[in-house]
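Structural overview
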Amino acid sequence: MTYCVGMLIDAGLIMMADTRTNAGIDNVSTFKKMHIFEGKDRFISIATAGNLSVTQATLSKLEEGIKNPETDEVETLETVPTMFRAAELVGKVLRSTQLQIKAGYEAEGVSFGATMLLGGRIGDGALKLFLIYDVGNSISCGRETPYLQIGELKYGKPILDRALTSETPFNEAVKLGLISFDSTMRSNLAVGLPIDIVMLRNIPNSKPAFYRVERTDPYFQTLSREWGIKLREAQASIPRPPFVSPLE
């Protein structure tokens with residue numbers, strides 16, 4: 001299991017991914033799930049969740065490229081003209097990869113599902129964020145709900161639903177993303193540190209920034225501790241239900 005989140009706000013793009021893989025209770029390890037494709041005029045980040053062999057094969061094929069039947073040329077993430085076309089390319093490769101291995105996995109009763117978050121910018125185009133499903137189709141992130149998630153998303157979703165808006169300041173959005181990770185890790189041991197973070201501000205010619213939250217990261221330790229304290233304080237400050245007897 002994994003947890004990845006992408007946030008597309010007015011101030012920029014933030015993508016986060018944990019690094020835990022789980023092949024049973026006695027086989028838990030760390031594996032990078034955030035992958036970067038850079039060129040002179042583009043920055044593209046892909047976060048992956050689901051069957052590891054499917055996502056690895058898909059990423060390898062994306063690096064090699066696939067032939068575009070309309071132009072008869074090999075197309076890669078380094079040559080696509082727009083982020084929308086990048087999402088189409090990733091979806092097409094993901095779907096074809098799954099169809100190739102489907103029979104073998106179904107025979108063994110193994111899940112072969114996989115999803116991806118794709119975010120970035122090409123040329124002077126706007127920052128974009130897409131969620132790509134295992135059937136190859138995708139949805140784009142909008143202002144009304146300025147985030148997308150894949151993997152073990154249910155524990156971190158309430159945090160983002162209540163606090164994140166398109167107008168949220170950049171640093172505050174990073175903090176909210178980390179709180180959503182802390183809440184997820186509290187409830188699901190299959191999601192864990194380190195957390196890889198990609199940050200790209202919505203400023204012309206801005207450069208991406210990268211950060212890895214390690215197990216000993218002092219800020220994350222403080223955030224986790226303070227979040228727990230503030231939750232208990234907020235819970236205690238809310239009046240108790242008047243329909244329950246004080247003696248109970």
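To start, this report covers the structure provided alongside it.

Basis of the calculations
Residues numbered from 1 in each chain as written. Predicted model: local features only at pLDDT ≥ 70, side-chain atom pairs only at ≥ 80, totals over all residues. Heavy atoms only, no water. Pairing = 2+ DSSP bridges. Helix = DSSP H or I, 4+ residues; strand = E, 2+ residues; numbered from the N terminus. Axes fitted to C-alpha atoms, helices over the stretch in contact; angles between N-to-C directions. Contact = heavy atoms within 4.5 Å. Buried < 20%, exposed > 50% of the residue type's maximum accessible area, 1.4 Å probe, protein only. Parallel < 35°, antiparallel > 145°, perpendicular 65-115°, else oblique. Nonpolar A, V, L, I, M, F, W, Y, C, P; charged D, E, K, R; others polar. Polar contact = N/O pair within 3.5 Å; in protein donor to acceptor, adjacent residues only side chain to side chain. Phe/Tyr/Trp six-rings, centres within 6.5 Å; stacked < 30°, edge-to-face > 60°. Salt bridge = Lys/Arg side-chain N within 4 Å of Asp/Glu carboxyl O.

Considerations on the sheet that holds strand E11 (residues 138–140)
What the five strands build is an open sheet, ordered E5-E6-E9-E10-E11; its pairing is antiparallel. Looking along the sheet, the strands with just one partner apiece sit at the ends: strand E5 (34–39) and E11. Across this sheet, the average inter-strand angle for adjacent strands is 20°, counted without regard to direction. Summarising the sheet, strand E10 (residues 128–132) and E11 pair through three bridges and their orientation is antiparallel. From the neighbouring strand, Leu131 faces E11, where its bridge partner is Ile139. Where helix H1 (residues 52–64) meets the sheet, it contacts E5, strand E6 (42–50) and strand E9 (114–122), and its direction lies at approximately 160° from that of E6.

Focus: the pairing of E9
Taken residue by residue, a regular strand's side chains alternate between the two faces of the sheet. A large share of E9 lies buried, amounting to nine of its nine residues. Alternating residues of E9 divide into Ala114, Met116, Leu118, Gly120 and Ile122 and Thr115, Leu117, Gly119 and Arg121, and every residue in both groups is buried. In this sheet, E9 lies alongside E6 in antiparallel orientation, the contact comprising nine bridges. The partner of Arg42 across the bridge, within E9, is Ile122.

Remarks on the packing of helix H4 (residues 170–187) against helix H5 (residues 218–237)
Two elements in contact, H4 and H5, have axes separated by 10 Å at closest approach and are oriented at 70°. Considering their axes alone, H4 and H5 lie roughly perpendicular with respect to each other. Residues Lys175, Leu178, Ile179, Asp182, Ser183, Met185 and Arg186 of H4 touch H5, and the partners they reach there are Tyr219, Phe220, Leu223, Ser224 and Trp227. Residue composition of the contact of H4 with H5, by class: seven nonpolar, two polar and three charged.

Looking at the sheet that holds strand E14 (residues 209–213)
Consider a sheet: its strands pair through backbone hydrogen bonds, and that pairing is either parallel or antiparallel. Strands sit in the order E12-E1-E2-E13-E14 across an open sheet of five strands; the sheet is antiparallel. Strand pairing shows two members of the sheet lacking a second neighbour, strand E12 (147–151) and E14, which therefore form its edges. Between one strand axis and the next, the sheet turns by 10° as a mean value, whatever way the strands run. This element, H4, spans strand E1 (3–9), strand E2 (12–18), strand E13 (195–201) and E14 of the sheet and lies at about 20° to E2.

Observations concerning the environment of Asn188
When you line up the elements, Asn188 lands in the loop between H4 and E13. The spacing of Asn188 and Tyr155 is 33 residues in sequence and 8.5 Å in space, taken between C-alpha atoms. If we ignore the near neighbours within four places in the chain, the residues touching Asn188 are Met1, Glu152 and Tyr155. A polar side-chain atom of Asn188 sits 2.7 Å from the main-chain amide nitrogen of Ala190.

Comments concerning the packing of aromatic side chains
For the coordinates displayed, the defined rule picks out two aromatic pairs. With a centroid separation of 4.5 Å and 50° between ring planes, the pair formed by Tyr3 and Phe181 is classed as tilted. Within this pair, whereas Tyr3 is found in strand E1, its partner Phe181 is found in helix H4, the two being separated by 178 residues in sequence. With respect to class, Tyr3 is no different from Phe181; both count as buried.

As for the side chain of Thr58
As for its placement among the helices and strands, Thr58 is situated in helix H1. On the accessibility criterion, Thr58 (0% relative accessible area) is buried. Discounting chain neighbours no more than four positions away, the residues touching Thr58 are Val93, Leu94, Thr97 and Met116.

Points about the pattern of salt bridges
Tallying each qualifying case throughout the model produces 13 salt bridges. Here Asp41 makes a salt bridge to Arg42, at a shortest N to O gap of 2.9 Å. The class for Arg42 is buried, based on a relative accessible area of 9%. A salt bridge links Glu75 to Arg85; the nearest nitrogen and oxygen atoms lie 2.6 Å apart. Residue Glu75 is found in strand E8 (residues 73–75), and its partner Arg85 is found in helix H2 (residues 83–108); the two are separated by 10 residues along the sequence. Taken together, the shared-partner salt bridges connect Asp10, Arg143 and Glu167 into one network.

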